[in-house]
Amino acid sequence: MEISMLIGAMVAAAIYTLTPGPAFLAMLGIGAAQGRRASAGFLFGHFAGDIMWASLALVAIIGSRVLDPMVFDILAMICGVYLFWLGIRAVTAKRKVDGAVNITVRRPWRRGFIFGITNPKGYPVAVAMFTALLAQDAASLGWDSMTGLLLASAVGFLIADLILIWVVGLGILRRAYQRHEIWIVRATGILFIGFAVQAIANALPNLGHSLAHGFGALRKP
């Protein structure tokens, strides 16, 4: 296997992880409020989703296969409802007696896991990233490349995760976050609600069309 293929997969995975989105914002808030250990827990849980979407992206690129769009519409609905719930909690967050915000995440790894596997944009973004960085080696891609590419991707994910853990633990970031914590939490909540509304609004018409088409096919003699 060409070294350029492994480097391309590793860089694609790192860029995928470092691209801002709902999970990135959630990790940033958890890490700045609760420290590097909490952010590491979130990213540990999210890693499962990273590997899942990278695997599916590589299968699509190597085998030229795509998943049924309805899968992503269902994921978008689940993700939208979850983000909306998180957004409402954040917008209505209040300070406790000691001045801290009452929105501590007790199990960061579980929240990271849910974010990772329900992200409806995980697959198309992963496909786009891996396609862009593996295009020059497209002729050499085969099923025997899958294991090596996936391992290189895992390395890229881990490098990006370590960068994020280091960044969120910086003193200047934590001090700025703690100084304006309540407003940052509420602003993030508004963004989550926006992401949720967009995800649900995009998924509902497609789901309705898919279900109507399915029922229509069942009624045909």
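Here the structure is a predicted model, which is why all the values come from computation and not from measurement.

Student: Talk me through the overall build of the protein chain; I want residue IDs and the actual numbers.
Tutor: When helices and strands are counted, the protein chain shows nine helices and zero strands. Mapped from its N terminus to its C terminus, the protein chain presents α and β elements in the order α-α-α-α-α-α-α-α-α. At a minimum sequence separation of 6, the contacts of the protein chain that also span at least 24 residues come to 86%. Accessible surface computed for the protein chain: about 12100 Å², of which carbon and sulfur atoms make up 69%.

Student: Before we move on, can you summarise the packing of helix α2 (residues 22-34) against helix α5 (residues 108-118) with the specific residues and values?
Tutor: Relative placement of two packed helices is described by the angle separating their axes and the distance separating the axes. One way to put it is that α2 packs onto α5 with a least axis distance of 10 Å and a crossing angle of 170°. Comparing their axes, α5 and α2 come out roughly antiparallel. On α5, the residues touching Pro22, Ala23, Ala26 and Ile30 of α2 are Pro108, Arg111 and Phe115.

Student: If you had to explain a nonpolar patch on the surface to someone new, which residues and values would you point to?
Tutor: A contiguous nonpolar patch, built from Ile3, Ile7, Val11 and Ile15 and spanning about 330 Å² of accessible area, is present on the exposed surface. Residue placement: Val11 occurs in helix α1 (residues 3-18).

Student: Report on the environment of Ile190, specifying residues and quantitative values.
Tutor: On the secondary structure map, Ile190 appears in helix α9 (residues 181-219). Remark: the alpha-carbon pair of Ile190 and Gly87, spanning 103 residues in sequence, is separated by 6.0 Å.

Student: Got a sec to walk through α2? Specific residues and values, please.
Tutor: In this model α2 runs 18 Å from its N-terminal to its C-terminal C-alpha over 13 residues, within 8% of the 18 Å that 1.5 Å per residue would give. For α2, every residue scored as buried is listed here: Ala23, Ala26, Met27, Gly29, Ile30, Gly31 and Ala32. Just past α2, the residue Gly35 takes up positive phi, approximately 100°.

Student: Pulling in residues and values, what's your account of the UniProt feature "transmembrane region" (unreviewed entry) in the protein chain?
Tutor: The UniProt entry lists residues 6-30, 42-62, 74-92, 113-135, 147-171 and 183-201 under the feature "transmembrane region" (unreviewed entry), expressed in the numbering used here. This span, residues 42-62, is 100% helix and 0% strand, and a straight line between its end C-alpha atoms measures 30 Å. Helix makes up 100% of residues 183-201 and strand 0%, and the two end C-alpha atoms of the span are 27 Å apart.

Student: Tell me about the environment of Ala152, and please be specific about residues and values.
Tutor: Relative to the elements of secondary structure, Ala152 occurs in helix α7 (residues 146-168). Taking the C-alpha atoms as reference points, Ala152 and Met5, 147 residues apart in sequence, are found 9.0 Å from one another. Not counting residues up to four positions away in its chain, the partners in contact with Ala152 are Leu6, Ala9 and Met10.

Student: If you had to explain the packing of aromatic side chains to someone new, which residues and values would you point to?
Tutor: In this structure the tally under the stated criterion is three aromatic pairs. Summarising the aromatic geometry, the rings of Tyr16 and Phe157 are spaced 5.9 Å apart at their centres and angled 70° between planes, so their arrangement reads as edge-to-face. Taken together, the positions of Tyr16 in helix α1 and Phe157 in helix α7 put the pair 141 residues apart, joining distant regions of the chain. Grouping residues by exposure puts Tyr16 and Phe157 together as buried. When the ring of Phe42 is compared with that of Phe115, the centres are 5.8 Å apart and the planes differ by 55°; the resulting orientation is tilted. Of this pair, Phe42 sits in helix α3 (residues 36-63) while Phe115 sits in helix α5, placing them 73 residues apart in sequence. Judged on exposure class, the residue Phe42 and its partner Phe115 are both buried.

Student: Quick rundown of the confidence of the model for the protein chain? Include the residues and the values.
Tutor: Residues with a pLDDT of 70 or more make up 81% of the protein chain, whose mean pLDDT is 77. Considering each helix and strand of the protein chain separately, the mean pLDDT is smallest for helix α6 (residues 122-134), with a value of 72, and largest for α7, with 90.

Student: Go over the nonpolar core with me, naming the residues and quoting the values.
Tutor: Ranked by internal contacts, the top residues of the largest apolar core, which has 21 residues, are Tyr16, Leu58, Phe130, Leu134, Leu141 and Leu149. Of all the secondary-structure elements, those providing two or more residues to this core are α1, α3, α6 and α7. At six residues, the largest contribution of residues to this core is made by α3. Apart from residues lying up to four places away in sequence, Tyr16 is in contact with Asp50, Trp53, Asn119, Gly122, Val125, Ala126, Met129 and Phe157. In terms of nonpolar packing, the next biggest core, distinct from the first, is built from 17 residues, Ala23, Met27, Leu43 and Leu86 among them.

Student: Which residues make up the side chain of Asp161, and what values do they have?
Tutor: Within the secondary structure, Asp161 sits in helix α7. Here Asp161 sits buried without a salt bridge, and the closest side chain of opposite charge, Arg36, lies 13 Å off (N-O distance).

About the thresholds
- Residues numbered from 1 in each chain as written.
- Predicted model: local features only at pLDDT ≥ 70, side-chain atom pairs only at ≥ 80, totals over all residues.
- Heavy atoms only, no water.
- Helix = DSSP H or I, 4+ residues; strand = E, 2+ residues; numbered from the N terminus.
- Contact = heavy atoms within 4.5 Å.
- Areas by Shrake-Rupley, 256 points an atom, 1.4 Å probe, with all protein chains shown as cover.
- Axes fitted to C-alpha atoms, helices over the stretch in contact; angles between N-to-C directions.
- Parallel < 35°, antiparallel > 145°, perpendicular 65-115°, else oblique.
- Patch = residues over 30% accessible without salt bridge, like charges linked within 9 Å, V, L, I, M, F, W, Y side chains within 5 Å.
- Salt bridge = Lys/Arg side-chain N within 4 Å of Asp/Glu carboxyl O.
- Expected span 1.5 Å × (residues − 1).
- Buried < 20%, exposed > 50% of the residue type's maximum accessible area, 1.4 Å probe, protein only.
- UniProt positions renumbered as here; feature names shortened; annotations may be inferred.
- Phe/Tyr/Trp six-rings, centres within 6.5 Å; stacked < 30°, edge-to-face > 60°.
- pLDDT = per-residue confidence, 0-100.
- Core = buried A, V, L, I, M, F, W, Y, C linked by side-chain atoms within 4.5 Å.
- Lys, Arg positive; Asp, Glu negative; His and termini not counted.

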